[in-house]
Amino acid sequence: MQDTTEALDEVVVLFAGDSGDGMQLTGNQFTNTTALFGNDVSTFPNFPAEIRAPQGTVGGVSGFQVKFGSHRLFTPGDEADVLVAMNAAALKANFDKLKKGGVLIANTDGFDSKNLKLANCADVNPLQAERMNEYNVQAFNFTQLTLDTLADTVIPRKEAARSKNMFVLGLLYWMFNRSMEPTERFIETKFRKSPELIESNLKVLRAGYHFGETNEAFAHRIDVKPAELEPGVYRNIMGNQATALGLIAAAKKSGLELFYGSYPITPASDILHELAKHRNFGVKTFQAEDEIAAVASSIGASFAGSLGVTASSGPGIALKQEAIGLAVMLEIPLVVVNVQRGGPSTGLPTKTEQADLMQALYGRNGEAQMPVVAANSPQEAFDAVYEATRIALEFMTPVMFLSDGYIANGAEPWKFPKAADLPELKTQKISEVPSEGFLPYKRNADLVRSWAVPGTKGLEHRLGGLEKDELTGNVSYDPDNHEKMVKIRAEKVANIANHIPEQTIDQGPESGEVLILGWGSTYGAIKTAVAQLNQEGFEVAHAHLRYLNPFPKNLGDLLEKYNQVIIPEMNDGQLINIIQAKYSKVCVPLDKIKGIPFTANEIKEKVKSIYPES
Amino acid sequence: MSETIKVPKLKAKDFESDQEVRWCPGCGDHAILKQVQAAVAEIGVAPENVVFISGIGCSSRFPYYMNTYGMHSIHGRATAIASGLKAARKDLSVWIVTGDGDSLSIGGNHLIHLLRRNFNVNVLLFNNEIYGLTKGQYSPTSPLGLNTKSSPMGVIDHPFNPTALALGADATFVSRVIDRDPRHLKKTLIEANEHQGTSFVEIYQNCPVFNDGVFSNYTERGLKEEHTLYMEAGKPLVYAKETKGIRLNGLKPEIVDLTTGEFSADDCLVHDPTDRTLAGILSRFFDKLEDGGLPRPFGVFYQEDRFRYEEALQLQIDEAMASKGEGDLDALLAGNNNWVIQ
C-alpha cells in the first residue's frame, strides 16, 4: 500500500480518556519519543483531582496535550491537530479544542450506550453527529483490537483490555513516523518483574503500529522534522523535576547539605519524590507530619547550617506563613517553594493559577518582607530556583520561589548546564570569633548578618521571634529600636535590587506602543503571541519578571517607554495592583481565572483590542 | 541523649548567659534552670555543641538564660524545629524546652510525631497546669472544674495525662520529676541525656501567680509522703517511708499497708522500666488520692532502645553512597535520555 506524507512545522496532539485509561503515561511516552527524535516539545497534562473519578463521566476525563515542532515552541498549543478520545466523555470535554478539519481518533468501545449515558450524551452518538463531517474521524474499536491481539496469550481479558492505550500509542508512532524503540525500552523496564506483561504490551504497541501501516485510513502520515534548536546536548524535563535538580545543584555548589522538609500536596509532591531518590547527594528529605512541621524542621536545619528548603502549594503556604515570619526575624537562609494551584481554600488542586503573589509578598503578620522569585517555564525553573537559593544564602533571608501547576507538570527539552558552569554560591558562614568580637546581628554593607552555626566555639548565641536589639540580638522592647529594626529588615530586602540584573525586553521594540509585562508561567503564551504580533506589524514588546520582590531597579523607567502596558495574569489582577501602586502607571489588566493557561490567541486578541487604529 | 565529645570539666556557671532571668519571683522555672545548668555541666558537653530550642510560654524563655546556642521560636513548634535541627546535625546535643500549652495544645501534633520518630533529643515539658504568659487561662492539663479567667464555671475539658500520652505515642523514655526536688530532677535529666532516643521529661512546675500550690501534695511535708511514689528500677514500689506499697491484684494496682505484718515489700510490685505494660499501669496513677486514686509516681516509667530517626536517615545516605557512589552533579543534570542538536 502506498502512503503519502505531509510535512508540517508543528503539531498538537491531545490524548484524552478516562482517568484509568493511562493517558498521562501515553502522553509522556509520546513526548519522550518525539523529544528524543529532536523535536522541540511543550506539554500540558490536565487531570482530575480525584484518583478514581467516576468512570466514564466528564469529571473523570484525564488529558495530556503535547505540541511538537521543527522550531522553538513556548506553549503546548491553542488547538489540537489530533484528538485521541478513548470514550464519549473525553470527546465531550475536549471537542472544542480540536481544530476544524483535524483528526479525531476515537475508541468506539467507549461510545457504547453505557458510556454515552455516563457522558450525558442523551443517547445520540456524537461520532455520528452531522458536524463530524468537518473532521477527519477515525473511529475503531481499539479495545477489541487489543483483545484480539492478546487472544492467544495467558493475559486475562480485563487485564488485556487495559493495554489499549499502547495500541493507540503504536498507531500514533506510525502516523508520525516515530521509532517505537524508546517506548519498548520503557516497557521492558517498567514490567521487568513480569515477562508476560512485557510481551503483551510490546505485542499491543506493535499491533497498533502495524494497524496504521495496513489500514488505508492511516495511509496519510505526518512528518515533523527535528527542530533547529541551539546546538548542544538536550534532555526532556518537567518543572518539578527541574526545581528539585536546581536545589541539589545549589546545595552542591554552596557546599551545604540539602534538607527538604515537606508535607505531600498537589501539585508540589513530585519535588519531594525526586529529591528522595537522591540520598547519594546527601539530600535529607523529611516528610513532616504537617505543613507547619515541614517549614519548622527546615528552619531548624538552616539554623544548624544546612540549606533548609520547604515546599507546598497555596493552602500549605498559608499554614507555613507564621514560621516564615520567624525566618524573616531570625534572618537565616530558607527557600520556600510554592507550586501554585487554583484557590482559595482547597480550590482546584490539579489546576494552575497565579493567585498566590499577594500571599507571597504580604501573607505574613507584621512587616515581614521577603524576596520573591518566579519561574517562567519547566526548564527555567532550574535557573530560577538556583537564583532563589543564591539570594537566600547571600542575604540571609527566606525567599519565596513561585512555580505553578502548569510549570510543575509541563515538560520541555532542556539544554542542561555543566556543573562547572553554574555560578558559584557563597554563604555568610563564619567559623571563628571575628577580631572585633561576635555580635549576632552586626551587618555588612548590604545589611546582612553572619551565619554562626552551632558547633562553632565562641559564637554561641540565642535567637528568637521576639524583636531584637540592633546588634546583640537580645530581646528588646525599645520603641525606637523596633522601628529601626523593621526598617533595616525591609531595606535589606530592597537592597537586593542592587544584586540582580536589570529588567530586559524579551522580544519586540525597546520602546513604543504596547508592552506586555508578564510573570511566571504565562511566558510561553506571551512570547508566542508577541512573535506573531510583531510579524503582523504590531509594535508590541514583552518583558517578563523573574524578580517580584524587589523589582529590578529600572522597571519604573522601562514601563514609561510604552504608551500602554498590558499585564496578563492567571488571577484577578495581583501584579497589576502592585505595579500601579508602586509606579503610578495605569496598566491594562488581562485576567484569566479558569485553572487553565492562557492561549497565545487570547493575548493577541487583547493587544489588538487596545491597539490604536491607524 | 548524649554522644558529643567530652571536654574539660565545666561548672553550672559556665552555662549561665549574661541575660537577667525574668521569671516571676518564686516561679518553679528558676529551680529547673539551675538544675539544667548543673546537669549539662556534669554531662561534660561543650557549650558550643548544645542547642536549646523552645516554643512560646513562660518556660520558653529558657534558651536566653543558657550560654549555648539557642532559639526561642514560635508557639508549639520547638519540637518540629528541633527535629530538623537534629536530622541535619546528629552531632549536636539538642534540648527542647516547652510547656503544657506549647506542647500539649498548640504543638500537640509535633510532640507525638517527635516521640514516635525517636530523634535523640531531650524534651523538658514544664507542666504548671495553667497558661501563665497569657495570664491565667486553663491549659490542657488543668483539672476538671478548675475556675480560671476562661473557665469561670469550671473547666469542662478532660485533661491530658502527659506521661500516658507519651507512652501512647511510643516514646522510648518517659519520666516525671518535680521542680521542688532538685536532686531527683538533676539525676533524671542526666539519665534522660544518657538515653539514646527522645527523652520525655514531664516536670511539675509551680506557678506561684496563677496556679499556686497545685502540686503541694507532692512537695509539702506531711502530704508528700502519702502522695508520692518514687520509682526505682529493680526495687519494690514502696512509699510513705516504706509503710505502704503497691501490689497488683490481677491487673488492678492497689495500696497495701506494710505495717500490719500482712504484707511486706516482697509482696509489692518491682519496678521494671523496660516493661511496657507496667509503665502503662503506672502512668495511669493519675486520680488524686482523695478521689480514691493512688500515689503519683515520679522517676522513669519506661525506657527502651529503638533506632533513632537521624541515624536511620544517615544510614540511608551512607547506603545510597555505597551503592550508587557519591552523587555526580553532571550525571544528574544529564539524566538518562539525551539527544544532540548539531
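It should be noted that the structure appears before, not after, this text.
This one's a predicted model, so the numbers in the text were calculated from it and none came from an experiment. (Residues numbered from 1 in each chain as written. Chains lettered and ligands numbered in written order. Predicted model: local features only at pLDDT ≥ 70, side-chain atom pairs only at ≥ 80, totals over all residues. Heavy atoms only, no water.)

*Asks:* Looking at this model, I keep getting lost on the packing of helix α9 (residues 239-254) of chain A against helix α14 (residues 380-395) of chain A. Mind explaining?
*Replies:* For any two helices packed against each other, one specifies the crossing angle of their axes together with the interaxial distance. All names here are of chain A. Where α9 meets α14, the closest approach of the two axes is 7 Å, and the angle between their N-to-C directions is 40°. When the axes of α9 and α14 are compared, the pair comes out oblique. Helix-helix and strand crossings are classified by hand; for α9 and α14 the assignment is right-handed. Facing Gly 239, Ala 242, Thr 243, Leu 245, Gly 246, Leu 247, Ala 249, Ala 250, Lys 253 and Ser 254 of α9, the residues of α14 in contact are Ala 381, Phe 382, Val 385, Tyr 386, Thr 389 and Leu 393. By residue class, the composition of the contact of α9 with α14 is 10 nonpolar, five polar and one charged. (Axes fitted to C-alpha atoms, helices over the stretch in contact; angles between N-to-C directions. Helix = DSSP H or I, 4+ residues; strand = E, 2+ residues; numbered from the N terminus. Parallel < 35°, antiparallel > 145°, perpendicular 65-115°, else oblique. Left-handed = near helix turned anticlockwise from the far one by under 90°. Contact = heavy atoms within 4.5 Å. Nonpolar A, V, L, I, M, F, W, Y, C, P; charged D, E, K, R; others polar.)

*Asks:* Teacher, can you tell me more about the nonpolar core here?
*Replies:* Where a protein is soluble and globular, its nonpolar side chains tend to be buried together. Residues and elements named next belong to chain A. Core analysis: the largest hydrophobic core is formed by 101 residues, its most contacted members being Ile 299, Leu 517, Leu 548, Leu 575 and Ile 579. Contact partners of Leu 548, with chain neighbours within four places excluded, come to Leu 357, Leu 361, Val 372, Ala 374, Leu 402, Trp 519 and Leu 575. Ranked by size, the runner-up nonpolar core spans 57 residues in total, among them Ala 244, Phe 395, Trp 451 and Ile 500. (Core = buried A, V, L, I, M, F, W, Y, C linked by side-chain atoms within 4.5 Å. Buried < 20%, exposed > 50% of the residue type's maximum accessible area, 1.4 Å probe, protein only.)

*Asks:* Just to check I follow, could you spell out the pairing of strand β13 (residues 296-303) of chain B for this structure?
*Replies:* Two faces make up the sheet, and in a regular strand the side chains alternate between them. All names here are of chain B. Within β13, seven of the eight residues are buried, leaving the element largely enclosed by the surrounding structure. Bridge count between strand β7 (residues 173-178) and β13: four bridges; the pairing is antiparallel. Residue pairing in the sheet places Arg 176 in a bridge with Gly 299 of β13. Pairing of strand β9 (residues 228-230) with β13, which is carried by three bridges, proceeds in the parallel orientation. Bridging across to β13, Thr 228 finds its partner in Arg 296. (Pairing = 2+ DSSP bridges.)

*Asks:* I'm lost on the sheet that holds strand β14 (residues 339-341) of chain B in this one. Help?
*Replies:* What links the strands of a sheet is backbone hydrogen bonding, and the strands pair in either a parallel or an antiparallel sense. Reading across from one edge, β16(A)-β9(A)-β14(B) is the order of the three strands in this open sheet, with antiparallel pairing throughout. In this open sheet, the two strands that pair with only one neighbour each are β16 (411-414) of chain A together with β14 of chain B. Geometrically, the sheet is characterised by an average inter-axis angle of 35° between neighbouring strands, direction not taken into account. In terms of strand pairing, strand β9 (residues 232-238) of chain A meets β16(A) through four bridges, oriented antiparallel.

*Asks:* Whenever I open this one, the interface of chain A and chain B confuses me. Can you help?
*Replies:* Many analyses report the size of an interface as the accessible area lost when the parts associate. On the chain B side, the residues contacting the 72 residues of chain A number 59 residues. For the pair chain A and chain B, the summed buried surface comes to about 5400 Å²; carbon and sulfur atoms form 62% of the total. For the chain A face of the interface with chain B, the top three residues by lost area are A:Asn280, A:Glu289 and A:Arg462, together amounting to 14%. One can count two salt bridges joining chain A with chain B. One salt bridge connects A:Glu289 with B:Arg117, and the closest N-O pair in it is separated by 2.8 Å. The interface formed by chain A and chain B holds 33 residue pairs in polar contact (both at pLDDT 80 or more) in total. Of the residues forming the side of chain A that touches chain B, the biggest block, eight residues, is contributed by helix α11 (residues 291-303) of chain A. Along the lines of polarity and charge, the residues of the side of chain A that touches chain B split into 40 nonpolar, 17 polar and 15 charged. Pairing of strand β19 (residues 462-464) of chain A with strand β2 (residues 69-72) of chain B involves three bridges; the strand directions are parallel. If you follow A:Gly464 over to β2(B), its bridge partner there is B:His72. (Buried area = accessible area lost by both parts, 1.4 Å probe. Salt bridge = Lys/Arg side-chain N within 4 Å of Asp/Glu carboxyl O. Polar contact = N/O pair within 3.5 Å; in protein donor to acceptor, adjacent residues only side chain to side chain.)

*Asks:* Could you clarify how one ought to interpret the pattern of salt bridges in this entry?
*Replies:* Think of it this way: side chains of opposite charge can pair up when their charged atoms draw near. Taken as a whole and assessed by the stated rule, the structure comprises 40 salt bridges over all chains. Residue A:Glu470 is joined to A:Lys484 by a salt bridge in which the shortest nitrogen-to-oxygen separation is 3.0 Å. Of the two residues, A:Glu470 is situated in the loop between β19 and α16 (479-495) and A:Lys484 in helix α16; the sequence distance between them amounts to 14 residues. Judged by relative accessible area, which is 26%, A:Glu470 ranks as partly exposed. Two residues, B:Arg89 and B:Asp91, come together in a salt bridge whose shortest N-O distance is 2.9 Å. Residue B:Arg89 is classed as buried on the basis of its relative accessible area of 17%. A relative accessible area of 35% places B:Asp91 in the partly exposed class. It is possible to trace a salt-bridge network through shared partners that takes in A:Glu331, A:Arg443 and A:Lys492.

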